[in-house]
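Inside the fold
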Amino acid sequence: MSKPTPRAPQAPGDDTYRVVMELRSALAGHGITLPSLGRDFGTPALVILGNCNAATARALTAALRRDPESSPA
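Residues numbered from 1 in each chain as written. Predicted model: local features only at pLDDT ≥ 70, side-chain atom pairs only at ≥ 80, totals over all residues. Heavy atoms only, no water.

Observations regarding the overall build of the protein
What the protein contains, in helices and strands, is two helices and two strands. Across the protein, helices and strands are ordered from the amino to the carboxyl terminus as α-β-β-α. Going through the 73 residues of the protein one by one, you find that 19% of them count as buried. Of the contacts made within the protein by residues no fewer than 6 positions apart, 41% connect residues no fewer than 24 positions apart. Summing over all exposed atoms, the protein offers an accessible surface of approximately 5,500 Å²; the carbon and sulfur share of this is 57%. (Helix = DSSP H or I, 4+ residues; strand = E, 2+ residues; numbered from the N terminus. Buried < 20%, exposed > 50% of the residue type's maximum accessible area, 1.4 Å probe, protein only. Contact = heavy atoms within 4.5 Å. Areas by Shrake-Rupley, 256 points an atom, 1.4 Å probe, with all protein chains shown as cover.)

Written as structure tokens, this is what we have:
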């Protein structure tokens with residue numbers, strides 16, 4: 001049985017929604033997509049990072065290892 005897909009963020013006034021959208025945008029700036037990135041609707045709301053393949057994990061690792069001083073905050 002497959003796991004359910006996280007619900008897409010749907011509450012624009014919600015801080016967790018903003019965090020998910022900002023993270024999605026920041027990852028995209030590095031050419032990284034986390035297909036299961038989403039917002040959990042529990043209390044407190046959590047950001048779902050989910051699963052990714054090895055290539056995406058390597059790209060994420062490389063992006064995080066870059067000099068933080070050279071990246072915009």
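Considerations on the nonpolar core
Side chains that are nonpolar tend, in soluble globular proteins, to be buried together. By size, the foremost hydrophobic cluster in this structure holds six residues: Val20, Leu27, Ile32, Leu34, Leu37 and Ala63. Aside from chain neighbours lying at most four places away, what touches Leu27 is Ile32, Leu34, Leu37 and Leu60. (Core = buried A, V, L, I, M, F, W, Y, C linked by side-chain atoms within 4.5 Å.)

Notes on the side chain of Ser36
Secondary-structure assignment places Ser36 in the loop between helix H1 (15-28) and strand E1 (38-39). Note on Ser36: relative accessible area 15%, which makes it buried. There is a polar contact of 3.2 Å between the side chain of Ser36 and the backbone nitrogen of Asn51. (Polar contact = N/O pair within 3.5 Å; in protein donor to acceptor, adjacent residues only side chain to side chain.)

A word on the environment of Leu64
With respect to the secondary-structure elements, Leu64 resides in helix H2 (residues 54-65). Look at Leu64 and you get exposed, because its relative accessible area is 66%. Between the C-alpha atoms of Leu64 and His30, which are 34 residues apart in sequence, the distance is 10.0 Å.

Overview of the pattern of salt bridges
For the coordinates displayed, the defined rule picks out one salt bridge. The residue Asp15 makes a salt bridge to Arg18 at a minimum N-O spacing of 3.6 Å. In this pair, Asp15 and Arg18 are both assigned in helix H1, three residues apart and thus about one turn of the helix distant. Residue Asp15 is classed as partly exposed on the basis of its relative accessible area, which comes to 47%. (Salt bridge = Lys/Arg side-chain N within 4 Å of Asp/Glu carboxyl O.)

Considering H1
The terminal C-alpha atoms of H1, which comprises 14 residues, lie 20 Å apart, in line with the 20 Å expected from a rise of 1.5 Å per residue. In this fold, the buried residues of H1 make contact with E1, strand E2 (47-48) and H2. (Expected span 1.5 Å × (residues − 1).)

Overview of unusual backbone geometry
Here the amide bond leading from Thr43 into Pro44 is cis, since omega sits at 0 degrees, within 30 degrees of zero. Position of Pro44 among the secondary structure elements: in the loop between E1 and E2.

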